[in-house]
Amino acid sequence: MDETELFAYLQKVFDVGPEEHDIILQRVRGSKRASYSLKVSVMKGKNLLAKDANGYSDPYCMLGILLGQSPRETEEKKERKFSFRKKKDKAEKRSSVREVLPAKYIQVTEVKSQTLNPVWNEHFVFEIDDVYSDLLHLDIWDHDDDVSVAEACKKLNEVSGFKGMGRYFKQIAKSVRTNGTAASVEENVDDFLGCLNIPINEIPANGFDKWFKLEPRSSASKVQGECHLILRLVTTQRDTTLGKKDSYASIHERLLSRVLQYEHAQVKTEPYNWEGKLSQPAWTLISHHAVQTDLSAQQKAIIRWQCYSQHHRAHTMAYTFLLELLRNVEQEWDDSTLQPEMEQGLADSFGLFVEYCLALLKNMRQVFPCSSAAAVARCEFMLRCLGQIHAMQTFKKVCPFHNELHVEIVTVIKKSTLEWYEGTISTFKPEEGTLEEQMKRLVLVVDAVSADVQNGDIKLGIVLTNSFVPLPPQPLHSAVKIDFFSISYRQLEKLVADDVCAATEKVCGSLEQEGSRLTQGMGETLFELYMSLKTLKQYREFLPLKDTKALALSGFHDWFKSSIHKWLQIVHERSCDRIRKAVEVDKLEPVHPLSKHSTSAVDVTTCFNQVREFWVQLAWPDSAGAFIFVTRLTDDVCSAAVCYSELIKRKIERSQQRPDSKNLTNQLCIALNNIEHVRKFISNLPKDLDWKALEQAMEESCGADGKEQVQKALNAQLLNIDMDLQREAKRMIANLTDKMVLDLKKYIQHISLSPDSINNDDAVTPLMKYLDDTLVILNESLVKENLDRVLHGLWRLLLRLIFDTVAENRGVSVEFYGRFHYTVEALVEFFHAEGEGLTLEDLRNEDYKALEEELRLNKCSSNELIEQYFLEKICQQRTLKHSKFGRISVKCYYEAADQRLTVEVLHAADLIALDANGLSDPFVIVELCPHHLFPTTKSQRTQVKNKTLHPVFDELFQFHVSPEQYRKKFACIEFTVMDHDWLSTNDFAGEATAPLSDFCGPDKAVLPGGGKAVQPLILQLSRPKPSDKPILKMLEARAGDREAQEFVKKLKEIEKSMAEED
């Protein structure tokens, strides 16, 4: 950029016209010329040429300023390069002194031994006579003699003129390689490694900081490598009025401030977005002035911070840029070189910036709205700037008595929070209106606080907590950390708690004074207030663990204990009202094709879901109170479910008056499905109302007894409602199956009346078709659980109807019973449906077993029935352990060789008194049964023992029993104890039965005369009523069977005797 463009830019910045500019320019040009100096930093070299035998060199630098030269001399210079050391003959031939470097400009670095990559880091200053023609020259040499380079330079600086310098070079450089490669003719001579020639006028305003490639001194020289130099051309003196009055730093600060105002005005950016980027003319102007006035890096960093931070307070800039400026100030800080004036200016700029940022923080809700991500980010970087300032050693030095940053921020946050809350109160005015209106306004206040906490405090809290990050050199504990959320939240929740507590006390006081109950409107308002406070309290989760204790809202639920029962009542009443309306409008049609319940079931479960949501929202923290309320809620839900089942049943009953039976069946099915839908929902109450958490809470507060109390109370409620709903479902199922009774009887009668010659399949087919058609309809209409219930009910109904039919037709043909046996088995297969229907265990229940036994027995012959009768008597005798009718003691043993059974009747005891004197005249009848198995064997009897209840008989009887006879399971000995009467028939006192298999057989036979070793057998006496046995009825029904009739007659005589005694 030429000076014309620069002058034009300056005129715009300072708003100066052309005429005024010309006057100022002439004044400057007429003043004394400025003095310049060149600051040279020789930093390092790399990849130098190895000159020593060890493969390294011992490099050092000689540098100085070559004075300005004429154009002709410049052309000659192009043919040969200047060197501080020339050969003697060439040095003596020079006629021009201007080509020789004056002694006062020569400087030298230290020698770095044995390296090709030397690091010098040495600094020099040279005065410049003519910035347009002077030249910086630098040689790099490999040191080979014992002479100190520094001493040589001192001697060099003591000579003057051409001849003296020539003698010195001749003395210290006796020989030089001509082309840098040939061997030296003498030892201990320094070797040339390269040189640099840099015109002063080519050094830019901001200087050089770069690597320069080494040059040969002639075309025959061999060099390599580079040298890192830092060059700065500075003004050491200017003759201006301003310069005499103010420091360069002050002038630079004013210049930069003016440039910033102009530059920012030219940039069209949003507030806080300008990052201080300067145009090319501005950058050139500022950098030139900084270099020319020899401002240090520290001064430039401080001035930039002061100007930009001051500009920010009026025009706002990007905080990211300001943060970089602060880091640059800290990086360049050196308190040993800082002037008091600049130190005070820096302190003032820090103070003003902090004060400005705190003022913004006080109005953070307006300045940094959390709805704007950019504003939140801006707040974060502003706070990082504050944290950076307070973490800087610079700040601690220039502002030693500053306030702690976290104290200032906490104070600002508290003031801001209090002002915002007071403004919210003044907006909603919760002290105006009726008591209920006041509570509604208070709800709005709490909601506003929750919204502010959620939208502002949490986000800004995260920003503030994370913003104060220390600089990498700083230890972690030096970072200032402010938990904005904790400060703001604790203050807000305390303010809210105070206001709400006072308001609820006012409500309780009002109710006590008026003696009135809580109205529904006030109850709903208090619930809204409770939920708002619960929402606000939930934000404590964002607090650090140590700050969650002793919060003002910790026990806020206690303020609403008197209200919760009203809330529960409101919920229950609304649920019941909605259920009644739902049943009224229910058309008992599926809500959609894939479902089997109607709209009322959906409405009921929706109501119950709302009850569950109410409890979840309530989240009552007190375990004892929660137990009471959960019990109440569960009871309300159960009573509402029972109410629904009754309403839906009544609706079905009203529908029964219509003639359309098919439609009625569909409605019954849907009603059943509705009840099942509700029952399933209620079964999830333990999970929905979180009974497990309640049990744990009660166990923690009351021990194991508390947990057990919860389990017993709640489970009992759940069990009762489940039984009630299932009972109602069974009633509906009975209603459904009762409508099928007539049809089922018709088809069962068809089976009963079918001729014996008909095929069983043909007899059963009508019934099976009817059942199949019916169950197809039921399967489409019922859910699985209800279908199973209907199948169970229908199965029980079928078993009962078949049993009744069979019982009414005793004594008919065997084919009749076989037909029904086939029917039952077909029904089992039908209802089992290859595992898809009822289980075999459910099908083969007690009713099935009774029917199966009835059919089996009816198919038996009379003898088989009699045998079955005795089998049952044997079984009953085995189970009889004690009897009020007494007992009899006998011995029975079998002699296999003679096939002789010997029976000894020993005695009896505790017989019942059958005579008027309170005694009896007992005797015992011994006989082998059944008679058709022992047709030739007659019964035998003992003698009568008069007037005793403990007779002693000691009588022996013998019977012939073949192996074929005693092997029958039903073969037995029957002992019948009778009371002898002279004037009337004998009375029955009791009987006992013993199977022959217990005494007879090869393994149980005794030798002749071995009966004495047999142990007596004590048998308990019984007095059964044969008429109660189905077998007797079956035998009695067989009127044409003489043996059956005789057997029945005998048993009836005994039963008649018993009846007369009673």
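Residues numbered from 1 in each chain as written. Predicted model: local features only at pLDDT ≥ 70, side-chain atom pairs only at ≥ 80, totals over all residues. Heavy atoms only, no water.

### Some details on the overall build of the chain
Stage number 1. Helix and strand counts for the chain come out as 36 helices and 16 strands.
Stage number 2. Going through the 1062 residues of the chain one by one, you find that 49% of them count as buried.
Stage number 3. Of the contacts made within the chain by residues no fewer than 6 positions apart, 76% connect residues no fewer than 24 positions apart.
Stage number 4. Summing over all exposed atoms, the chain offers an accessible surface of approximately 53500 Å²; the carbon and sulfur share of this is 51%. (Helix = DSSP H or I, 4+ residues; strand = E, 2+ residues; numbered from the N terminus. Buried < 20%, exposed > 50% of the residue type's maximum accessible area, 1.4 Å probe, protein only. Contact = heavy atoms within 4.5 Å. Areas by Shrake-Rupley, 256 points an atom, 1.4 Å probe, with all protein chains shown as cover.)

### Quick look at the packing of helix H28 (residues 760-781) against helix H30 (residues 814-832)
Stage number 1. One can describe the packing of H28 onto H30 by two numbers: an axis separation of 10 Å at closest approach and a directional angle of 30 degrees. The pairing of H28 with H30 is recorded here as roughly parallel in orientation. Here H28 runs over H30; the crossing is right-handed. On H30, the residues that touch Asn760, Asp761, Ala763, Val764, Leu767, Met768, Leu771, Asp772 and Leu775 of H28 are Gly818, Arg819, Tyr822, Thr823, Ala826, Leu827, Phe830 and Phe831.
Stage number 2. Here the contact of H28 with H30 is composed, by residue class, of 11 nonpolar, 3 polar and 3 charged. (Axes fitted to C-alpha atoms, helices over the stretch in contact; angles between N-to-C directions. Parallel < 35°, antiparallel > 145°, perpendicular 65-115°, else oblique. Left-handed = near helix turned anticlockwise from the far one by under 90°. Nonpolar A, V, L, I, M, F, W, Y, C, P; charged D, E, K, R; others polar.)

### Focus on the nonpolar core
Stage number 1. Ranked by size, the top nonpolar core spans 126 residues in total, and within it Leu533, Phe608, Ile682, Leu744 and Phe831 carry the most contacts.
Stage number 2. Ranked by the residues each element gives to this core, the list is headed by helix H22 (residues 623-655), at 14 residues.
Stage number 3. With residues up to four places along the chain from it excluded, the contact list for leucine 533 reads Val446, Val496, Val500, Leu553, Phe556, Trp559 and Phe560.
Stage number 4. By size, the runner-up hydrophobic cluster in this structure holds 62 residues, among which are Leu255, Cys307, Leu358 and Met392. (Core = buried A, V, L, I, M, F, W, Y, C linked by side-chain atoms within 4.5 Å.)

### Observations regarding the sheet that holds strand S10 (residues 900-909)
Across a sheet, paired strands are connected by hydrogen bonds in the backbone, their directions being either parallel or antiparallel.
Stage number 1. Ordered by their spatial adjacency, 4 strands build an open sheet running S13-S10-S9-S16, and the pairing between neighbours is antiparallel. Edge positions in the sheet fall to strand S13 (952-960) and strand S16 (1017-1020), since each has one partner strand and no second. Neighbouring strand axes in the sheet, compared pairwise and without regard to direction, differ in orientation by 30 degrees on average.
Stage number 2. Pairing of strand S9 (residues 887-895) with S16, which is carried by 4 bridges, proceeds in the antiparallel orientation. Counted as the bridge partner of serine 889 is isoleucine 1018 from S16. (Pairing = 2+ DSSP bridges.)

### Remarks on the environment of histidine 123
Stage number 1. Within the secondary structure layout, histidine 123 lies in strand S4 (residues 119-128).
Stage number 2. Using a relative accessible area of 54% as the deciding quantity, one classes histidine 123 as exposed.
Stage number 3. Along the sequence, histidine 123 and serine 41 sit 82 residues apart, while their C-alpha atoms lie 4.3 Å from each other.
Stage number 4. Those residues in contact with histidine 123, other than ones at most four positions away along the chain, are Val40, Ser41 and Met43.

### Considering unusual backbone geometry
Stage number 1. In the segment running from cysteine 929 into proline 930, the intervening peptide bond is cis, with an omega of -5 degrees.
Stage number 2. You can see proline 930 is positioned in the loop between strand S11 (922-929) and strand S12 (940-941).
Stage number 3. A positive phi angle, near 50 degrees, is found at alanine 833, a position not held by glycine.
Stage number 4. If you trace the backbone, alanine 833 turns up in the loop between H30 and helix H31 (840-843).

### Focus on the confidence of the model for the chain
Stage number 1. Per-residue confidence for the chain gives a mean pLDDT of 83; residues scoring 70 or more make up 87%.
Stage number 2. Counted against residues more than four places away or in other chains, residues 76-80, with its pLDDT under 50, gives 5 contacts.
Stage number 3. The low-confidence segment residues 468-479 (pLDDT under 50) makes 19 contacts with residues lying over four places distant or belonging to another chain. (pLDDT = per-residue confidence, 0-100.)

### Quick notes on the pairing of strand S5 (residues 135-142)
Two faces, one strand: in a regular strand the side chains alternate between the faces of the sheet.
Stage number 1. With respect to burial, S5 is a largely interior element, 8 of its 8 residues being buried.
Stage number 2. Alternating positions in S5 separate into two faces, Leu135, His137, Asp139 and Trp141 on one and Leu136, Leu138, Ile140 and Asp142 on the other, with burial throughout.
Stage number 3. The sheet contact formed by strand S2 (residues 59-66) and S5 spans 8 bridges and is antiparallel. For glycine 64, the partnering residue across the bridge sits in S5 and is histidine 137.
Stage number 4. Pairing geometry for S5 and strand S6 (residues 191-199), over 8 bridges, is antiparallel. Note on S6: the bridge partner recorded for tryptophan 141 is phenylalanine 192.

### So, the packing of aromatic side chains
Stage number 1. Summed over the entire model, instances satisfying the criterion amount to 30 aromatic pairs.
Stage number 2. For the ring pair phenylalanine 870 and phenylalanine 1047, a centre distance of 6.0 Å and an interplane angle of 70 degrees mean the geometry is edge-to-face. With phenylalanine 870 in helix H33 (residues 862-879) and phenylalanine 1047 in helix H36 (residues 1042-1061), the pair connects residues that are 177 residues apart, well separated along the chain.
Stage number 3. Residue phenylalanine 870 is classed as buried on the basis of its relative accessible area, which comes to 4%.
Stage number 4. With a relative accessible area of 12%, phenylalanine 1047 lands in the buried category.
Stage number 5. Aromatic ring contacts, followed pair by pair, group Phe527, Tyr530, Phe556, Phe560, Trp567, Phe614, Trp620 and Phe629 into a single cluster.
Stage number 6. We note lysine 210 situated over the ring of phenylalanine 208; from NZ or CZ to the ring centre the distance is 5.1 Å.
Stage number 7. Positioned above the aromatic ring of phenylalanine 381 is the side chain of arginine 384, whose terminal nitrogen or guanidinium carbon lies 5.7 Å from the ring centre. (Phe/Tyr/Trp six-rings, centres within 6.5 Å; stacked < 30°, edge-to-face > 60°. Lys NZ or Arg CZ within 6 Å of the ring centre and 35° of its normal.)

### Digging into the packing of helix H1 (residues 3-14) against helix H8 (residues 248-266)
The description of two helices packed together rests on the angle between their axes and the distance between the axes.
Stage number 1. At their nearest, the axes of H1 and H8 sit 9 Å apart, and the two run at 85 degrees to each other. Our classification of the angle between H1 and H8 gives roughly perpendicular. Of H8, the residues touching H1 (which contributes Tyr9, Lys12, Val13 and Phe14) are Leu255, Arg258, Val259, Tyr262 and Glu263.
Stage number 2. When the residues that make up the contact of H1 with H8 are grouped by side-chain class, the tally is 6 nonpolar, no polar and 3 charged.

### Let's talk about the sheet that holds S12
Stage number 1. Spatially, S12-S11-S14-S15 is the arrangement adopted by the 4 strands of the open sheet, whose pairing is antiparallel. Edge strands, defined here as strands with exactly one partner in the open sheet, are S12 and strand S15 (987-995).
Stage number 2. Both strand S14 (residues 972-979) and S15 contribute to a ladder of 8 bridges, which runs antiparallel. In the sheet register, phenylalanine 975 faces S15, and the bridge partner there is alanine 992.

### So, helix H35 (residues 1030-1037)
Stage number 1. Taken residue by residue, H35 has Ile1031, Leu1032, Met1034 and Leu1035 as its buried positions. Across the axial projection of H35, the buried residues extend over an arc of 160 degrees, all falling on one side. (Arc of directions from axis to C-beta.)

### Focus: the side chain of serine 309
Stage number 1. The topology assignment puts serine 309 in helix H10 (residues 297-315).
Stage number 2. Side-chain polar atoms of serine 309 contact the backbone oxygen of glutamine 306, separated by 3.2 Å.
Stage number 3. Once you skip the residues sitting within four places of it in the chain, serine 309 turns out to touch Leu322, Ser349 and Phe353. (Polar contact = N/O pair within 3.5 Å; in protein donor to acceptor, adjacent residues only side chain to side chain.)

### Let's talk about the pattern of salt bridges
Stage number 1. Here the structure, examined in full by the defined rule, presents 35 salt bridges.
Stage number 2. A salt bridge links aspartate 998 to arginine 878; the nearest nitrogen and oxygen atoms lie 3.6 Å apart. One end of the pair, aspartate 998, is in the loop between S15 and S16; the other, arginine 878, is in helix H33, with 120 residues separating them in the sequence.
Stage number 3. Aspartate 998 gets classed as partly exposed once you look at its relative accessible area, which sits at 36%.
Stage number 4. Put simply, aspartate 898 and arginine 900 hold a salt bridge, and the shortest N to O gap is 3.2 Å.
Stage number 5. In this structure, a network of salt bridges that share partners links the residues Glu676, Arg679, Asp722 and Arg789. (Salt bridge = Lys/Arg side-chain N within 4 Å of Asp/Glu carboxyl O.)

### Remarks on helix H11 (residues 319-331)
Stage number 1. The first and last C-alpha atoms of H11 sit 18 Å apart over 13 residues, in line with the 18 Å expected at 1.5 Å per residue.
Stage number 2. Within H11, the full set of buried residues consists of Tyr319, Phe321, Leu322, Leu323, Leu325, Leu326, Val329 and Glu330.
Stage number 3. Tucked inside the fold, the buried residues of H11 contact H10, helix H12 (340-362), helix H14 (373-391) and helix H15 (393-398). (Expected span 1.5 Å × (residues − 1).)

### Things to note about the environment of valine 812
Stage number 1. As for its position among the elements, valine 812 is in the loop between helix H29 (784-808) and H30.
Stage number 2. Residue class for valine 812 comes out partly exposed when judged on its relative accessible area of 35%.
Stage number 3. As for valine 812 and asparagine 858, which are separated by 46 residues in sequence, their C-alpha atoms are 8.4 Å apart.

### Here's the deal with the state of the cysteines
Stage number 1. Applying the stated criterion to the full structure yields 0 disulfides.
Stage number 2. No disulfide involves cysteine 607; its nearest neighbouring cysteine sulfur is the one of cysteine 576, lying 8.8 Å away.
Stage number 3. Looking at cysteine 607, the relative accessible area reads 2%, which means it is buried. (Disulfide = S-S within 2.5 Å.)

### What about the side chain of glutamine 868?
Stage number 1. Within the fold, glutamine 868 resides in helix H33.
Stage number 2. Taking relative accessible area as the criterion, glutamine 868 reaches 16% and is therefore assigned buried.

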